[in-house]
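Listed below are the residues making up each chain.
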Amino acid sequence: MTHIRTGNIHRKSDPGFYMVVQYLLGNEAIAHGCLEAAVDVACGYPGTPSSEVIDTLRMDPDRACKVEWSVNEKVAFEEALAVSWCGLRAICTMKHVGLNVAADPLMTSAYTGTKGGFVILTADDPYAHSSQNEQDSRCYARFARIPCLDPSTLQEAHDMVRDAFALSEEFSLPVMFRPTTRICHSKSDVNLGDIVVSERIASFEKDVRQYVVIPAHTRILHQKLNQKQPALKKRLVELGYNRYELKGKTAVICGGVGASYVREVIGPDVSVAIIGAYPIDEDWLREFISHHEKVMVIEELSPVIEEVARQVSGTIPVSGKMTGHVPYEGELAPDRVAGYLKAAGFALSVTYQPAATPAALPVRPPILCAGCMHRTAMYAMKKVFRDAIFPSDIGCYTLGIQLGTVDTTICMGASITVASGMSLAGEKRDIVCTIGDSTFLHTGIQGLINAVYNGANITVVILDNRITAMTGHQPNPTTGLTACGVATPAVSIEAICRASGATFVETVSPNDLVTFIDVLKTAKALPGVKVIIARQPCVISEKRAKIVRGRYTVHQELCIGCKACIKFGCPAIELKGGLASITDLCSGCGVCVQICPVGAIGREVKE
């Protein structure tokens, strides 16, 4: 058995390298790759589709690395960078929009460089399955002039992240690792190697010319960064990340998961080049293109490969996004790739028939869980504020759009700043913004400080369900537990709000509907910035903790069919024969009891 030795880059062809085959989720395979590289520290902020990497590491009882959930991506990035400066290996994880939050240190880290291997995992989400945009992180890597590894299979994802740490150490640069949703959340057999325990000892060596980026140092560091590029491009080809096969006079250049789809559908006489790493060696790509009469580029989102291909192709035509043959938006799939190639005149090995039109199904939009405190809070907000403007944020509560209490959503932490901006603009209507507990700690605090400081007239409702629910129920600084379940002092949201200058700060459970409505009315009558902390544990967390509240039932003889409970929108309440009925989805929150005008709902009694 060949064991992993830190500092080495391995190829899949190394004899005897793999130890075992396991059927794994992509993110689990990535986490295992980190352990095989003897990562010392892993930190990140939850964000689909990246979350399971940290979740897998933190739940491993045998892990030797330190694991944490950070309050936001910038914090995670800077901590991991500092770990690298101390000579240890570190990874920070986030989704693509989280990279925006970490962009400031990202750009400068390429100048300062690294010592221990430093990997930035940024999971992209083509088609925006769970995101507010479809941005392409490869553009950030190109902007920062750092290497980017772009896996096309789960095996490649495992191997690339394992080897990325050594690549980082070889060039003293951060390495971006960019899996997409179909890599992170697919499953496959993955060949695994040995888990290695690090024997490194942290030691920071002072060098102000390297780590203090004042203008005089920055100019020199920028020049050194540029000087690394040619050797880096050649090395990525040597490592086999960028490779090709010559087969005919037509060629496809592809990258990411799209490369897997191309290999599945392309004809046997079509040459294929796979780009698994950036920056691309222009001379290598020019040599490949020169053997062909026409070339097509298949990649998701931005035309990163295509732009380089067109620059080096000379008179050889290159088709792709920039010619309208491949869409800029959305994600690829085998049948779509086959369609794009066929339309451009490329031979295929398979024939895809148009998918049959599915039978009409009832529309089922995503909804909040039965008993979710967000529904109750927003029901009360709409009842008290009616025609207000409701800026909101990123979280489960974004589903409040169906309740008429989400008018804007941009990015993490923006609800408070958007609200204060509307107040600054002179908007006369009430402005009530919503933000979750984890999101408030992520980037909401600064907005609250700014709103108070500049005299905004807004109501801030912090929806505190005691967990980071939307991304998989990860702990945060309010829960009193670290990522690894270690008890830690719980952050007080109330104390933060008061320290930010807010003078009206009230905490109340939305499930106490009458009291919650009274607090909203009080806030509405006051000027300035008012903060209401709507605190009630997530119903899923309660179920996992085996907290049983009992179910409620409708007394049919009392129900008048007014539909007041139906309009509340709880999925556990339905209409049968014109009368309300409560299903097994009931979590026992009891809010429907407080809504019913005739007292027709009561606790279910077991006989």
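Cut-offs applied
Residues numbered from 1 in each chain as written. Predicted model: local features only at pLDDT ≥ 70, side-chain atom pairs only at ≥ 80, totals over all residues. Heavy atoms only, no water. Helix = DSSP H or I, 4+ residues; strand = E, 2+ residues; numbered from the N terminus. Rg over C-alpha atoms; globule rule 2.2 N^0.38 Å. Buried < 20%, exposed > 50% of the residue type's maximum accessible area, 1.4 Å probe, protein only. Patch = residues over 30% accessible without salt bridge, like charges linked within 9 Å, V, L, I, M, F, W, Y side chains within 5 Å. Areas by Shrake-Rupley, 256 points an atom, 1.4 Å probe, with all protein chains shown as cover. Salt bridge = Lys/Arg side-chain N within 4 Å of Asp/Glu carboxyl O. Lys, Arg positive; Asp, Glu negative; His and termini not counted. Charge placed at Lys NZ, Arg CZ, Asp CG, Glu CD. Pairing = 2+ DSSP bridges. Contact = heavy atoms within 4.5 Å. Axes fitted to C-alpha atoms, helices over the stretch in contact; angles between N-to-C directions. Polar contact = N/O pair within 3.5 Å; in protein donor to acceptor, adjacent residues only side chain to side chain. Core = buried A, V, L, I, M, F, W, Y, C linked by side-chain atoms within 4.5 Å. Arc of directions from axis to C-beta.

(A) Focus on the overall build of the protein. Within the protein one finds 22 helices and 22 strands. Scaling as 2.2 N^0.38, a compact globule of 607 residues should have a C-alpha radius of gyration of about 25 Å, and the protein matches this with 27 Å. Projected onto its principal axes, the C-alpha coordinates of the protein cover approximately 80 × 65 × 55 Å. Within the protein, buried positions represent 54% of all 607 residues.

(B) Summary view of a positive patch on the surface. On the surface, Lys-383, Arg-386, Lys-521 and Lys-524 cluster together into a patch of positive charge. Along the chain, Arg-386 falls in the loop between helix H15 (373–385) and helix H16 (414–425). Given the relative accessible area of 54%, Arg-386 is considered exposed.

(C) Spotlight on the sheet that holds strand S14 (residues 318–319). Reading across the sheet, the five strands line up as S9-S11-S10-S13-S14 and stay open at both edges, with mixed pairing between neighbours. Pairing within the sheet leaves two strands with one partner each, and these edge strands are strand S9 (242–245) and S14. Direction of pairing for S9 relative to strand S11 (residues 271–275): antiparallel, over a ladder of four bridges. Of the residues in S11, the one forming a bridge with Arg-243 is Ile-274. Here helix H11 (residues 257–265) sits on the sheet and contacts S9, strand S10 (250–255), S11 and strand S13 (294–298); the angle it forms with S10, its principal contact strand, is near 145°.

(D) Structural view of the side chain of Ser-587. Its place among the elements puts Ser-587 in the loop between strand S21 (579–582) and helix H22 (591–595). Looking at Ser-587, the relative accessible area reads 16%, which means it is buried. Separated by 3.3 Å, the side chain of Ser-587 and the backbone oxygen of Ala-370 make a polar contact. Setting aside residues up to four positions removed in sequence, Ser-587 forms contacts with Ala-370, Gly-371, Val-539, Lys-543, Arg-549 and Gly-550.

(E) Quick peek at a nonpolar patch on the surface. Together, Val-208, Val-212 and Ile-214 make up an exposed nonpolar region whose accessible area comes to about 240 Å². Following the sequence through the fold, Ile-214 ends up in the loop between helix H9 (208–211) and helix H10 (215–238). Here Ile-214 falls in the partly exposed class, since its relative accessible area comes to 40%.

(F) Quick peek at the side chain of Thr-459. The residue Thr-459 is located in strand S16 (residues 458–464) in this model. For Thr-459, a relative accessible area of 2% puts it in the buried group.

(G) Focus on unusual backbone geometry. Note that the residue after Thr-48, namely Pro-49, is joined by a cis bond; omega there is 20°. Phi at Ala-38 is positive, roughly 60°, even though this residue is not glycine. By the secondary structure assignment, Ala-38 is in the loop between helix H1 (26–36) and strand S2 (41–44). Although it is not a glycine, Ser-172 sits at a positive phi angle of roughly 55°. Of note, Ser-172 is situated in the loop between helix H7 (154–171) and strand S7 (175–177).

(H) Broad picture of the nonpolar core. With 107 residues, the main nonpolar core has Leu-149, Ile-253 and Ile-298 as its most contacted residues. The contacts of Leu-149, once residues within four sequence positions are left out, are Met-160, Ala-164, Leu-167, Val-175, Met-176, Phe-177, Arg-178, Leu-236, Tyr-241, Gly-276 and Ala-277. Counting 63 residues, the second largest nonpolar core, distinct from the first, contains Val-406, Leu-448, Val-461 and Leu-463.

(I) Examining the environment of Thr-56 more closely. By secondary structure assignment, the location of Thr-56 is in helix H2 (residues 52–58). Put simply, Thr-56 and Gln-402 are 346 residues apart on the chain and 34 Å apart in space, counted from C-alpha to C-alpha.

(J) Representation of helix H14 (residues 334–343) in the model. Listing the buried residues of H14 in full gives Pro-334, Val-337, Ala-338, Tyr-340 and Leu-341. Mapping the buried residues of H14 onto a view down its axis gives an arc of 165°, with all of them on the same face. Residues of H14 that are exposed and point more than 90 degrees away from the buried face comprise Lys-342 and Ala-343. Elements in contact with the buried residues of H14: S10, H11 and S13.

(K) Focus on the pattern of salt bridges. Tallying each qualifying case throughout the model produces 31 salt bridges. Glu-205 is paired through a salt bridge with Lys-115; the nearest N and O atoms lie 3.3 Å apart. With a gap of 90 residues between them, Glu-205 in the loop between strand S8 (187–192) and H9 and Lys-115 in the loop between helix H5 (103–112) and strand S5 (118–123) connect regions that are remote in the sequence. Among the salt bridges present, the one from Asp-584 reaches Arg-551, with a minimum N-O distance of 2.8 Å. Separated by 33 residues along the polypeptide, Asp-584 in the loop between S21 and H22 and Arg-551 in the loop between helix H20 (539–544) and strand S19 (552–554) bring together distant segments of the chain. Overall, the relative accessible area of 23% leaves Arg-551 in the partly exposed class. If you follow the salt bridges from partner to partner, you end up with Asp-124, Asp-136, Arg-138, Asp-150, Arg-178 and Glu-299 in one network.

(L) Structural detail: the sheet that holds S7. Reading across the sheet, the seven strands line up as S3-S2-S4-S5-S7-S6-S12 and stay open at both edges, with mixed pairing between neighbours. Both edges of this open sheet fall to strand S3 (66–69) and strand S12 (277–278), since each of them pairs with a single strand only. Docked against the sheet, helix H3 (residues 73–85) engages S2, S3, strand S4 (90–95) and S5, running at close to 165° with respect to S4.

(M) Geometry of the environment of Ser-392. By secondary structure assignment, the location of Ser-392 is in the loop between H15 and H16. Separated by 69 residues in sequence, Ser-392 and Val-461 place their C-alpha atoms 9.6 Å apart. Look past the residues within four positions of Ser-392 in its chain and what remains in contact with it is Tyr-397, Val-406, Thr-408, Thr-409, Ser-415 and Thr-434. Polar contacts involving the side chain of Ser-392 include one to the side chain of Thr-434, which spans 2.8 Å.

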